[in-house]
Number of protein chains: 2
Amino acid sequence: MAVTIRDIAEKLGVAPGTVSKGLNGAKDISESTRKLILDTAVEMGYTTKRAKKAVDHRLVLFIENMRYDTEDLFGYDVVLGFQQVANQENWPVDVVPITPDYQKENPYDRTMRANGYIASYLVGLSLKDPWMQELQDTPYPTVLLDNYIGTNRNVCSLSTDNEEAMNLMISHLISLGHEKIAFLDGSAGSLVSDQRMQYYLSTMRRYHLPINPNMAVYGYFVSDAAKYHVPNFVELGATAILCGNDDIAKGVIESLNTLGLKVPEDVSVIGFDDMPFAAHLNPPLTTIRQDRLALGRAAAYSINALLRDCALSRPQLRPELVVRKSTAKARPRLVTKLVEEKDSVLRVNPSLYETIMR
Amino acid sequence: MAVTIRDIAEKLGVAPGTVSKGLNGAKDISESTRKLILDTAVEMGYTTKRAKKAVDHRLVLFIENMRYDTEDLFGYDVVLGFQQVANQENWPVDVVPITPDYQKENPYDRTMRANGYIASYLVGLSLKDPWMQELQDTPYPTVLLDNYIGTNRNVCSLSTDNEEAMNLMISHLISLGHEKIAFLDGSAGSLVSDQRMQYYLSTMRRYHLPINPNMAVYGYFVSDAAKYHVPNFVELGATAILCGNDDIAKGVIESLNTLGLKVPEDVSVIGFDDMPFAAHLNPPLTTIRQDRLALGRAAAYSINALLRDCALSRPQLRPELVVRKSTAKARPRLVTKLVEEKDSVLRVNPSLYETIMR
């Protein structure tokens, strides 16, 4: 059943007249009330007549590999944030789940033209996707989440600032006395994973912390990756483990427990994303918060800039470190089979290295 | 004398009624006409009554070390672009030239509050400026041109994408057969100079080109810097010289001519900025175009995002390579006093190195 002004008024505990004012941009209510009303209206699925009419500004959010139908999913707030800003600007938005097969059958530019879309937000695509080639010279203003096209002034890449995120994680651990910090990243070949690995290495170097190739590894974006790597990290003396997302962190905590180690007493663990479940892990997870709502909103602002001759390349959003209970003061642990060299780079016994790498 | 609607109509060659429609947001003229009218109105100094009234959204552009009163100056388009977008949004803008002394006497937050500014754009400031400390925790949404504050979610850093710029310059020269490419950067300690130096080095490395510390040096942002460095570059066998701005490039061309070398036959030269004079040098300068209008417009879009809970960190704009006559195919020249090593890193004779560095 269609959402009415009365429904919104009830949810917010205000008079229906106030909701009308908010939706119609009246000047005698505060900016924050107006925003709250618009955001709530979008979240509840209310569509104004005005928005329905403005068909010359139809936007599309194409989403792949990512669910967004319930609040506990990464995509939910990303989609919502995008809709919120688009709605404020009276731009209708279609949200269209896609697959690689869909892309093969429906070339990007043709799909945009056929549906009357003036700009798009591409969420969850990988560099291997069929549309990526076309994005090299599409005339349509396009915002890519977490991927980067270096050549087209109509396309920009939106992401969380991974360099700042790595700095937040590592300097937090340094303040707790940690030095041997391992990193279990997401999948190799994913742009975010590669960036985070690069910034892990440069940040460790900047702080003169020991870098060991066996403590900086790619897994997958799932908790299962942990059990192959955590025993090695422990053996190599890691007192803290950074993770490519919260799922990985969950697996890392389980693997540590299996080895008889406690988090954070024996080993500190930091996640990435701050998904809703992160606060409910045991212990509650210290993690990097990606502002998912802002990743939606900023995409709409970026489209606005691209539409008006501002060739943005890589807008980034600031991450935030949410400190919970999975990090604590470092407790030095026995390091075996390692030789620490004077330049503070750890080198592994070559035969052990072979074992770990294959 | 105040600019009238008739003045704008005359300049654009349209009817005064069309100008009125554009200024009042009427729906029966095209979006592009409306934009042109608004932009022209701003450029001519026309102020609508509507803009005058919206005092709850007053913005400020503080500008230091930079003139902006005529079209040939870097600041002119930056200021204009900022005013254009602010005007479209009905935000009045004050443009306030400042000095370090002004900053000492007028703390940032107090100045913002006293004047009723809700957000600001800081242009031309350096990291040594008195306000920089305050920016670490100001509550005012602030966009900094070409400087970076790493800790405050209310402040973002806007710049041209220097990594892309370096890639454009160097890959253009590679396509012309150049390998020994020198870089005469701007002042050491300036954030843009440091970034460009870093990206010069990483890009040269990525393309497996020879890196020589004596061919990657800081000068100052003036043409005079060239005469100290160009003779060394030539002696070291450089066939192309990248410059930190167009003024430096002007000096480099003069120095080369003094040495009896021609541009581009003997040495190619690339500038940075594409200032209006660059096209009129002899030869017309190949250079990186910074979109100054977009550096103004994007600041206003970024303020909009910051005001609405999008904590942007480092929005960047795409640079463009403008190819004119100062670059051409490489002509191999005699290289003296150099030993090329197998790893393709050039090493200078140590005593020569001493001479050059001091």
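Residues numbered from 1 in each chain as written. Chains lettered and ligands numbered in written order. Predicted model: local features only at pLDDT ≥ 70, side-chain atom pairs only at ≥ 80, totals over all residues. Heavy atoms only, no water.

### Some thoughts on the overall build of chain A
Test applied: For the purposes of this entry, the term helix denotes a DSSP run of H or I that reaches at least four residues, the term strand denotes a run of E that reaches at least two, and both are numbered from the N terminus. For each residue, the accessible area found with a 1.4 Å probe, counting protein chains only, is set against the maximum for its type, and the residue is called buried under 20%, exposed over 50%, and partly exposed in between. Any two residues whose heavy atoms approach within 4.5 Å are treated as being in contact. Computed with the Shrake-Rupley method and a 1.4 Å probe, the accessible areas treat only the protein chains shown as cover for residues.
Each helix and strand in chain A was counted, giving 14 helices and 14 strands. Among the 358 residues that make up chain A, the fraction classed as buried is 54%. The long-range share in chain A, meaning contacts at least 24 apart out of those at least 6 apart in sequence, stands at 69%. On chain A, roughly 15,900 Å² of surface is accessible, and the fraction owed to carbon and sulfur atoms is 51%.

### A short note on the interface of chain A and chain B
Stated precisely, the cut-off is as follows: Salt bridges are counted wherever a side-chain nitrogen of Lys or Arg sits within 4 Å of a carboxyl oxygen of Asp or Glu. In protein, a polar contact means a hydrogen-donor-capable atom and an acceptor-capable atom, both N or O and within 3.5 Å, with residues adjacent in sequence counting only if both atoms are side-chain atoms; elsewhere, any N or O pair within 3.5 Å suffices.
Every contact between the two is made by 35 residues of chain A and, on the other side, 35 residues of chain B. Joining chain A to chain B, the criterion identifies six salt bridges. Measuring nitrogen to oxygen at the nearest pair gives 3.7 Å for the salt bridge that ties Arg 153 of chain B to Glu 320 of chain A. On the surface where chain A and chain B come into contact, there are 24 residue pairs in polar contact (both at pLDDT 80 or more).

### Side note on unusual backbone geometry
Between Val 263 of chain A and the following residue, Pro 264 of chain A, the backbone shows a cis peptide bond with an omega angle of 10 degrees. By the element assignment, Pro 264 of chain A lies in the loop between helix H12 (246-258) and strand E9 (268-273). In this model, Asn 90 of chain A sits at a positive phi of 60 degrees, which is unusual for a non-glycine residue. By secondary structure assignment, the location of Asn 90 of chain A is in the loop between helix H5 (74-88) and strand E2 (93-97). Residue classification places Asn 90 of chain A among the buried residues on the basis of a relative accessible area of 16%. If you check the backbone angles, Asp 309 of chain B has positive phi at about 65 degrees while not being a glycine. You can see Asp 309 of chain B is positioned in the loop between helix H13 (292-307) and strand E11 (316-317).

### A short note on the side chain of Ser 255 of chain A
Residue and element names in this part refer to chain A. Residue position: Ser 255 is located in helix H12. By relative accessible area, which is 11% here, Ser 255 ends up buried. Apart from residues lying up to four places away in sequence, Ser 255 is in contact with Ala 226, Lys 227 and Val 230.

### Concerning the packing of helix H5 (residues 74-88) of chain B against H13 of chain B
Residue and element names in this part refer to chain B. To be explicit about the condition: All axes here are fitted lines through C-alpha atoms, helices being fitted over the stretch that makes contact, and every angle between N-to-C directions spans 0 to 180 degrees. By definition in this entry, angles of less than 35 degrees are roughly parallel, angles greater than 145 are roughly antiparallel, angles of 65 to 115 are roughly perpendicular, and the rest are oblique. For a crossing to be left-handed, the near helix must be turned anticlockwise from the far one by less than a right angle; the clockwise case is right-handed. Gly is put with the polar residues, along with every residue not named as nonpolar or charged; the nonpolar set is Ala, Val, Leu, Ile, Met, Phe, Trp, Tyr, Cys and Pro, and the charged set is Asp, Glu, Lys and Arg.
Viewed as axis vectors pointing N to C, H5 and H13 meet at an angle of 40 degrees, and their least axial separation amounts to 6 Å. The orientation of H5 with respect to H13, classified from their angle, is oblique. Here H5 and H13 pass one another in a crossing that is right-handed. Contact residues: H5 offers Phe 74, Asp 77, Val 78, Leu 80, Gly 81, Phe 82, Gln 84, Val 85, Ala 86 and Gln 88, while H13 offers Arg 292, Leu 293, Leu 295, Gly 296, Arg 297, Ala 299, Ala 300, Tyr 301 and Ile 303. Class assignment for the residues of the contact of H5 with H13 results in 12 nonpolar, four polar and three charged.

### Considerations on the environment of Tyr 108 of chain B
All names here are of chain B. Mapped onto the fold, Tyr 108 is located in helix H7 (residues 108-115). The exposure class of Tyr 108 is buried, given its relative accessible area of 0%. The spatial distance from the C-alpha of Tyr 108 to the C-alpha of Leu 135 is 7.9 Å, given a sequence separation of 27 residues. In this structure, Tyr 108 is in contact with Phe 62, Ser 120, Leu 122, Trp 131, Glu 134, Leu 135, Thr 138, Tyr 140 and Thr 142, ignoring residues within four places of it in sequence. For Tyr 108, the side chain forms a polar contact with the side chain of Thr 142, separated by 2.7 Å.

### Topic: the confidence of the model for chain A
Residue and element names in this part refer to chain A. Put simply, the rule reads: Scored from 0 to 100, pLDDT reflects the predictor's confidence in each residue.
On average, residues of chain A carry a pLDDT of 86, and 87% of them reach 70 or more. Scored below 50 in pLDDT, residues 49-55 shows eight contacts in the model against residues more than four places distant or in partner chains. Below pLDDT 50 for its whole length, residues 334-358 participates in 38 contacts with residues either more than four positions away or in separate chains. In the model output, the complex is listed with pTM 0.75 alongside ipTM 0.72.

### Details of the pattern of salt bridges
All names here are of chain B. Taken as a whole and assessed by the stated rule, the structure comprises 24 salt bridges over all chains. Taking the shortest distance from any N to any O, the salt bridge between Asp 94 and Arg 58 comes out at 3.0 Å. Taken together, the positions of Asp 94 in strand E2 (residues 93-97) and Arg 58 in the loop between helix H4 (49-53) and strand E1 (59-63) put the pair 36 residues apart, joining distant regions of the chain. Note on Arg 58: relative accessible area 21%, which makes it partly exposed. Close ionic contact of Asp 224 with Lys 227 constitutes a salt bridge, the shortest N to O distance being 3.4 Å. Assessed through its relative accessible area of 44%, Asp 224 is described here as partly exposed.

### Examining the relation of the copies chain A and chain B
Superposition of the two copies of the chain requires a rotation about an axis together with a shift along that axis. Our working rule: In superposing the copies, a least-squares fit is computed on C-alpha atoms, taking residues whose pLDDT is at least 70 in both.
Note on the identical chains: chain A maps onto chain B by a rotation of 180 degrees and an axial translation of 0.1 Å, with an RMSD of 0.1 Å. Such a combination of rotation and displacement between the chain copies is what one expects of a two-fold axis. When each C-alpha of chain A is compared by its distance to the rotation axis, Pro 315 of chain A comes out closest, at 2.1 Å. When the interface residues of chain A are mapped onto chain B, 100% of them again lie at the interface, so the same face is used by both copies.

### Focus on the sheet that holds E2 of chain B
Residue and element names in this part refer to chain B. What counts is decided by this rule: Being paired, for any two strands, means DSSP has found at least two bridges between them.
Across the sheet, which stays open at both edges, the six strands sit in the order E2-E1-E3-E4-E5-E11 with parallel pairing between neighbours. Because the sheet does not close on itself, it has two edges, and the strands there are E2 and E11. Sheet topology places strand E4 (residues 142-145) next to strand E5 (residues 155-160); four bridges connect them, and they run parallel. In the strand pairing of E5, Leu 145 is matched with Leu 158.

### Focus: the pairing of strand E3 (residues 119-123) of chain A
Residues and elements named next belong to chain A. Taken across its five residues, E3 has five buried, putting it largely inside the fold. Burial along E3 is two-sided: Ala 119, Tyr 121 and Val 123 and Ser 120 and Leu 122, pointing in opposite directions, are all buried. Taken together, the five bridges between strand E1 (residues 59-63) and E3 define a ladder with parallel strand orientation. If you follow Ile 63 over to E3, its bridge partner there is Val 123. Two strands pair when backbone bridges link them, and E3 and strand E4 (residues 142-145) are joined in this way by three bridges, in the parallel orientation. Paired with Ser 120 across the two strands is Thr 142, which belongs to E4.

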